[in-house]
Amino acid sequence: MDSHSATFTFLDHTADLGITVTGLDPKDLFEKAAHSMMRIMIEERPSGKTSLLQLSVSGEDYADLMVRWLGEILYLFQGEGKVVTCIEICSITQSHINATLQTVPFNPKEHEVSAEIKAVTYHRIEVVSENGRWKATIIFDL
Amino acid sequence: MTIKLEKLDDYRWLIPQTGAMRVPGLVFADRDLMKSIQDDQSLTQVANVATLPGIVGHSLAMPDIHWGYGFPIGGVAAFDLNNGIVSPGGVGYDINCGCRLMTTVLRADEIKPLIKEMVSALFKNIPSGVGSTGTVHLSKSKETEVAIKGAAWAVKMGFGTAEDLERTEDRGAMEGADPSVLSERAIKRGQNQLGTLGSGNHFLEIQVVDQIYDKEKASHFNLFEGQVTIFIHSGSRGFGHQICDDFLKIMIKSDANRQKSFHLPDRQLACAPLQSDLARRYLAGMACAANYAWANRQILMHLTIETLLKTLSIRPEELGMKLLYDVCHNIAKKEQHLIDGEQVMLCVHRKGATRALPPGHALLPEVYRTVGQPVLIPGDMGTNSYILAGAEGAMEHSFGSCCHGAGRLLSRTKAVKKAKGRSIHRELEDKGIFVQSRGKRTLKEEMPEAYKDVSQVVDVVHGAGLARKVARLRPLGVIKG
């Protein structure tokens, strides 16, 4: 999935920033959530030399998995200077994700950061299945 | 969820103990501020904190309280060392986010024509914004030294004087820092961010003292009307964030595996018993981040002095920049407090709250022993900031704590919507405030209307006796990330 095809809705949170994301199934939901987070940070489609990497994340349940999954993608940006542009989740259970990610190196001169997400919080984290759709609520620390 | 409130007096509101709450909540606010506080989820968060084991007295909220994650921002809670907990969410991601105020011997009318130039030079020389890196690159062993020695490391490297340490909370280094508990990720993120301002609500401001409320204390703080001051708001950068994130995840996992004797109303309140090894390790890591933040603000002060000397072409004695005080507002500290007539050691969490020690307190440096601790309350970009002095009421009512700022009123999304079609930069310039920022949306998100009226917040802490107003500072120039 490409980062610019994801859609999300902003929640009104006084200090930080929250979103709700919906997906057809957990795979779709987790891919969309990751792309939404990247798009909040870097609005323009990022360009640069792409690299591939494998990511494997474990959690206690879907909600914990969502925080850890997004946290890993955020760390790639904050700690490794890698902007995730494309995500393919290869397998997902409620406690584990295996994914292949495409990244480009962050270039502060070219990639304008519109909002710096500093952390993915557990506050009001929710991943639920409602009427055949999957929905996540996520609050980010800015 | 509707939270019941009982008005105790003009400045205090009680949240009665109900349900799983172990103690009542206590909110410092006037009637007007309470209206906006009730608009978000912050009172529910005060009640949630009151459910945590070992909480003592009240779950407290300062008048700048607003909706955070886990703890409210502006929240203070103290826990018994034997049966209480420590919560990384009660400290926040930006461990030892704090304020540093420097005085000068310059008068604002002397430098007014040069403000724009000063702002540009500071903006150029002080790294800010996302992904910014500092001029000091740390090897792993040097980073370990910073994490243990804090501001003293920066002073040793030539970024300040021993006198600066006297005027820094905890002399710029918390005890108990142990870098061996840190993850490789935390160490990596700390290596190149020392001496950087950060983004979001972090700032460096050139100000003028425009009103003195208490002549005696102001004189003790070396403040005079018309004087130029510099205010820095910054923290432990990615290093502190990573440490909080690492321990939060460990505590979530430990909560999930532990047979818990209590229900956690919000996962972000994940915590560890203060007697556990996990709590010891978190506090040791937190102290590393706190010390990093003090070294960071010490270096930012040094960069400011260097920049202003060059820009104004003056000698150090003509600038006369001195540290008034440096205080943190995101921290958990083991402190002694009087509970039911007995001195008891407690772990006080201050998340978006500043320590405020009254005159005579043993932890005060000699220079402030008779007047009380300088309490630094930044306004938002474009509005006034305040200097207060700690008062006895803080020891009686708030575990020696006070508000930390204006407190957000509008979410960032609402602020950006409200600023649509407006030039915030121009509006501020019309008021005589020159601003430079790196982030595209920062000025809109941080515009004055996005915050509560800081003077109202300060009047509440003054009226409630937590701290006394000393002086007001008006902004002249701001740099933001």
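Parameters and conventions
Position numbers for residues count from 1 along each chain, tracking the sequence in the order it is written. Chains carry letters from A onward and ligands carry numbers from 1 onward, assigned in written order. Local features in a predicted model are, by the rule used here, given only for residues with pLDDT of at least 70; side-chain atom pairs are given and counted only at 80 or more, and totals for whole chains, interfaces and linings are based on all residues. Water and hydrogen atoms play no part in the side-chain values, which are based on all heavy atoms of the structure. With axes taken as lines fitted to C-alpha atoms, and helix axes fitted only over the stretch in contact, angles between N-to-C directions fall between 0 and 180 degrees. Secondary structure elements are taken from DSSP: a helix is a run of H or I of four residues or more, a strand is a run of E of two residues or more, and numbering for both begins at the N terminus. Note that the term roughly parallel is reserved for angles under 35 degrees, roughly antiparallel for angles over 145, roughly perpendicular for angles of 65 to 115, and oblique for everything else. Here a crossing is called left-handed whenever its near helix is offset anticlockwise from the far helix by less than a right angle, and right-handed whenever the offset is clockwise. Residue contacts are counted whenever heavy atoms from the two residues lie within 4.5 Å of one another. Classes in brief: Ala, Val, Leu, Ile, Met, Phe, Trp, Tyr, Cys and Pro nonpolar; Asp, Glu, Lys and Arg charged; the others, Gly included, polar. A pair is scored as a salt bridge if a Lys or Arg side-chain nitrogen falls within 4 Å of a carboxyl oxygen belonging to Asp or Glu. The method works on a 1 Å grid over the protein atoms by themselves. A cavity is a set of points holding a 1.4 Å probe that cannot get out, a pocket is an open set with protein on both sides within 12 Å along at least five of seven lines, and residues with an atom within 4 Å of a point line them. Grid points are joined across faces, edges and corners, and a volume is the space filled by probe spheres set on the points. We define buried area as the total accessible area lost by two parts upon association, computed with a 1.4 Å probe and summed across both. Within 3.5 Å is the distance limit for a polar contact, defined as a pair of N or O atoms, with the added protein rule that one can donate a hydrogen and the other accept it, and that residues adjacent in sequence qualify only through two side-chain atoms. Any two strands are treated as partners once DSSP identifies two or more bridges connecting them. pLDDT gives the predictor's per-residue confidence on a scale running from 0 to 100. The set of buried Ala, Val, Leu, Ile, Met, Phe, Trp, Tyr and Cys residues whose side-chain atoms join them within 4.5 Å is what this entry labels a nonpolar core. Summary of the burial criterion: residues with accessible area below 20% of their type's maximum are buried, those above 50% are exposed, and those between are partly exposed, where the area comes from a 1.4 Å probe applied to protein chains only.

(A) Quick peek at the packing of helix α1 (residues 26-41) of chain A against helix α2 (residues 62-80) of chain A. Residues and elements named next belong to chain A. Between α1 and α2, the least distance of the axes is 10 Å, while the angle of their chain directions is 40°. The pairing of α1 with α2 is recorded here as oblique in orientation. Crossing geometry of α1 relative to α2 is assigned as right-handed. Counted together, P26, L29, F30, A33, A34, M37, M38 and M41 of α1 and Y62, L65, M66, W69, L70, I73, L74 and F77 of α2 form the full contact between these two elements. In terms of residue class, the contact of α1 with α2 is built from 16 nonpolar, no polar and no charged.

(B) Just the pattern of salt bridges, in detail. Residues and elements named next belong to chain B. Considering all chains together, one arrives at 34 salt bridges over all chains under this definition. A salt bridge links K140 to E184; its shortest N-O distance comes to 3.3 Å. With K140 in helix α5 (residues 140-149) and E184 in helix α8 (residues 184-190), the pair connects residues that are 44 residues apart, well separated along the chain. Taking the shortest distance from any N to any O, the salt bridge between D277 and R281 comes out at 3.3 Å. With D277 and R281 both in helix α11 (residues 277-312), this residue pair falls four residues apart, about one helical turn. Counted as one network, the salt bridges with shared partners bring together E169, D170, K333 and R355.

(C) Summary view of the packing of α5 of chain B against α11 of chain B. Residue and element names in this part refer to chain B. Running from amino to carboxyl end, α5 crosses α11 at an angle of 95°, the nearest separation of the two axes being 6 Å. For the element pair α5 / α11, the angle class is roughly perpendicular. Two secondary-structure elements touch here, α5 through V146, A147 and I148 and α11 through A287, C288, N291, Y292 and A295. Broken down by class, the residue content of the contact of α5 with α11 amounts to seven nonpolar, one polar and no charged.

(D) Geometry of the layout of surface pockets. By volume, the largest pocket amounts to about 1000 Å³. Along the walls of the largest pocket sit 40 residues, with K333, K334, E335, Q336 and H337 of chain B positioned nearest its centre. Looking at the lining of the largest pocket, the elements with two or more residues in it are β4 (55-66), α11, β12 (330-339), β13 (342-351) and α13 (392-397) of chain B. For the lining of the largest pocket, the class distribution of residues is 18 nonpolar, ten polar and twelve charged. Mapped by element, the contributors of at least two residues to the lining of the second largest pocket are α2 of chain A together with α8 and α10 (237-257) of chain B. The leading source of residues in the lining of the second largest pocket is α2 of chain A, at four residues. Split into classes, the residues belonging to the lining of the second largest pocket amount to four nonpolar, ten polar and six charged.

(E) Quick look at the interface of chain A and chain B. Facing 33 residues of chain A, the contacting portion of chain B comprises 37 residues. Between chain A and chain B, the buried area comes to about 3400 Å², and carbon and sulfur atoms account for 51% of it. A per-residue breakdown of the area chain A buries against chain B is headed by T14, Y75 and Y122 of chain A, which together make up 21% of the total. We note a salt bridge from D61 of chain A to R267 of chain B, for which the minimum N-O separation is 2.5 Å. Run the count over chain A and chain B and you get 15 residue pairs in polar contact (both at pLDDT 80 or more). Broken down by element, the residue count for the side of chain A that touches chain B peaks at ten residues, all from α2 of chain A.

(F) Focus on the sheet that holds strand β4 (residues 82-93) of chain A. Residues and elements named next belong to chain A. Sheet architecture is open: three strands sit in the order β3-β5-β4, paired in antiparallel fashion. Edge positions in the sheet fall to β3 (51-58) and β4, since each has one partner strand and no second. The mean inter-strand angle of the sheet, taken between neighbouring strand axes irrespective of direction, is 25°. Against the sheet, α1 makes contact with β4 and β5 (96-105), and its axis sits at roughly 165° relative to β4, the strand it touches most. On the sheet, α2 packs against β3, β4 and β5 and is oriented at approximately 155° with respect to β4.

(G) Representation of the confidence of the model for chain B. Here chain B averages 93 in pLDDT, while 98% of its residues score no lower than 70. Here the predicted complex carries an ipTM of 0.91, next to a pTM of 0.95.

(H) The sheet that holds strand β5 (residues 73-80) of chain B, seen in detail. Residues and elements named next belong to chain B. An order of β1-β2-β3-β4-β5-β13-β12 is seen for the seven strands of this open sheet, with the pairing classed as mixed. At either end of the open sheet lies a strand with only one pairing partner, and these are β1 (6-7) and β12. Sheet topology places strand β3 (residues 25-28) next to β4; three bridges connect them, and they run parallel. Its bridge partner lying in β4, G25 is registered against S59.

(I) Region of the structure containing the nonpolar core. Core analysis: the largest hydrophobic core is formed by 218 residues, its most contacted members being M66, W69 and I138 of chain A. Ranked by residues supplied to this core, first place goes to α11 of chain B with 20 residues. When neighbours within four sequence positions are excluded, M66 of chain A is seen to be in contact with L29, F30, A33, I125, V127, A136 and I138 of chain A.

(J) Looking closely at the pairing of strand β7 (residues 98-107) of chain B. All names here are of chain B. Summarising burial for β7: eight of the ten residues are buried, a large majority. Pairing analysis gives seven bridges linking β7 to strand β9 (residues 227-234), with the strands arranged antiparallel. Looking at β9, one finds that M102 is bridged to I230. Strand direction decides the pairing type here: β7 and strand β11 (residues 322-328), joined by six bridges, are antiparallel.

(K) Geometry of the pairing of β3 of chain B. Residue and element names in this part refer to chain B. Side-chain alternation along β3 places G25 and V27 on one buried face and L26 and F28 on a second face that is also buried. With four bridges connecting them, strand β2 (residues 12-15) and β3 associate as antiparallel partners. In the sheet register, R12 faces β3, and the bridge partner there is F28.

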